[in-house]
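Structural description and commentary
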Amino acid sequence: MKEGEMAIPHLFRCPISLDLFTDPVTVCTGQTYDRSSIQKWFAAGNLTCPVTMQKLHDPSLVPNHNLRHLIQQWRQKGHRSDADYFTAIKNSLASASATFRDKLQALQKIRVFTDETPFANSFLIELGFLPLLLQLVFEMVDPEFSLEYVNLVDQGLACVLRLLPFGELVCLKMLKEESNLESFVVLFEHGSVKTKQSLCHMVGLISSSAETRELCAMIGKNQRLLNMIICVVKQQNNEMSEAGMKAISALCCLESNRENLVQQGLIDGLVTFILNSERKERSLAAMAMERIEQVLGDESAKEALIKNPNGVKAMVKMVFRVSEQEGSESAVNSLMKVCEESLEAREKAIVGGVLTQLLLLLQSHCSGRTKTKATALLKLL
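Residues numbered from 1 in each chain as written. Predicted model: local features only at pLDDT ≥ 70, side-chain atom pairs only at ≥ 80, totals over all residues. Heavy atoms only, no water.

A closer look at the environment of asparagine 237
- For asparagine 237, the position within the fold is in the loop between helix H11 (223-234) and helix H12 (238-251).
- In this structure, the C-alpha to C-alpha distance between asparagine 237 and valine 193, residues 44 residues apart in sequence, is 9.4 Å. (Helix = DSSP H or I, 4+ residues; strand = E, 2+ residues; numbered from the N terminus.)

Notes on the domain arrangement of the protein chain
- By domain assignment, the protein chain separates into domain 1 (7-63) and domain 2 (278-380).
- One C-alpha centre belongs to domain 1, the other to domain 2; they are set 55 Å apart. (Domains from an automatic or database assignment.)

Let's talk about the packing of H11 against helix H14 (residues 266-275)
- Two elements in contact, H11 and H14, have axes whose closest approach is 8 Å; the angle formed by their N-to-C orientations is 20°. Put simply, H11 runs roughly parallel to H14. The crossing of H11 and H14 is left-handed. Between H11, through Ile230, Val233 and Lys234, and H14, the contact on the second element is made entirely by Leu266, Asp268, Gly269, Thr272 and Phe273.
- Considering only residue class, the contact of H11 with H14 consists of 4 nonpolar, 2 polar and 2 charged. (Axes fitted to C-alpha atoms, helices over the stretch in contact; angles between N-to-C directions. Parallel < 35°, antiparallel > 145°, perpendicular 65-115°, else oblique. Left-handed = near helix turned anticlockwise from the far one by under 90°. Contact = heavy atoms within 4.5 Å. Nonpolar A, V, L, I, M, F, W, Y, C, P; charged D, E, K, R; others polar.)

Considerations on helix H7 (residues 147-163)
- Compared with an ideal rise of 1.5 Å per residue, which puts 17 residues at 24 Å, H7 spans 25 Å between its outermost C-alpha atoms and is within 8% of the ideal.
- In terms of burial, H7 is a largely internal element, 12 of the 17 residues being buried.
- Inspection of H7 places Tyr149, Val150, Leu152, Val153, Asp154, Gln155, Gly156, Leu157, Ala158, Cys159, Val160 and Leu163 among the buried residues, and these make up the whole buried set. (Expected span 1.5 Å × (residues − 1). Buried < 20%, exposed > 50% of the residue type's maximum accessible area, 1.4 Å probe, protein only.)

Let's talk about the packing of aromatic side chains
- Tallying each qualifying case throughout the model produces 5 aromatic pairs.
- Ring geometry for phenylalanine 86 and phenylalanine 129: centres 6.0 Å apart, planes at 80°, overall edge-to-face. On the criterion of sequence distance, the pair formed by phenylalanine 86 in helix H3 (residues 83-94) and phenylalanine 129 in helix H6 (residues 129-138) is long-range, its members being 43 residues apart.
- Given a relative accessible area of 3%, phenylalanine 86 falls into the buried group.
- Under the relative-accessibility criterion, phenylalanine 129 is labelled buried at 0%.
- Taking the centre distance of 5.7 Å and the plane angle of 15° together, the rings of phenylalanine 138 and phenylalanine 184 count as stacked. With phenylalanine 138 in helix H6 and phenylalanine 184 in helix H8 (residues 178-190), the pair connects residues that are 46 residues apart, well separated along the chain. (Phe/Tyr/Trp six-rings, centres within 6.5 Å; stacked < 30°, edge-to-face > 60°.)

Points about helix H16 (residues 299-307)
- Within H16, the full set of buried residues consists of Ala301, Lys302, Leu305 and Ile306. The arc that holds the buried residues of H16, viewed along the axis, is 130°, so those residues lie on one side. (Arc of directions from axis to C-beta.)

Now the structure itself:
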């Protein structure tokens, strides 16, 4: 097959000529160019790197054997870059007459391609697979949730999550359509554990970009979805609860979302997560503590924390942990907020052992700022 008949991954193109590399060489800045192109650049009197514009203190050209090898592999697997090959896959995914099994086979081909082929994700993005995969997952919901369909959704979401970091998140705006957002909620409600984890990861990506901030706000208004994410955080399944914790943390980027999450029981969910965090990543427990501190400006959040039988206990637990001070400052700040105006909270904190925790924290290597706040809390108590 001729290269002209294949879509060349952009990382296989010389930044100067924009053609496929034939003799890739690397300059001292780490950028790679085709030898003939960079030599012409030097011959024209340029002493800088064309991409970074940094002055080249060493004009040496080092052959990029790794990239050359990858290009050779790509050429040898040219049949997988054949337009007809990928057109057939796209047609199968988009066809209303194709069975779930047909679509699943198409998705498996994509997975194999991305596993075996360098830069495959960028290549598939260029061919327009990301919008198609999103349509497959969110526009064709099967109300019966058969085993084949659930498998199809899991594989489809896995492909979507592989491609999203390489594509424009703006394509996720399709979820702003009422029917598609409802599909998102239904999949979260009835899907597998893997489906729920993948959707939590998508919530994180949506919340991380200014391009999809409006969609983030729409998700934050969906009470069913917020309630289900909070329920996920409470589960004993570590991977599930951690995915839910990251989704909640991402959603908290908007004040309106924080208020809605509190109304749906966020405090109870985070308290449960912290108390179950012995076997979880310590950083995620600290993240949960930070989210509690973040929402305690809301009076209903303070009330929920004090009313929860284990609420103050969870804060006390996070004040000091052996060999780990991450989350300590947020715990101290949170206790200050609830104890200042509540005798009940102060009594619960003392019974929970906060005085010992604070003394241990003051003897640790925590920051000066944390020690100052811990001292203030001791005086308050």
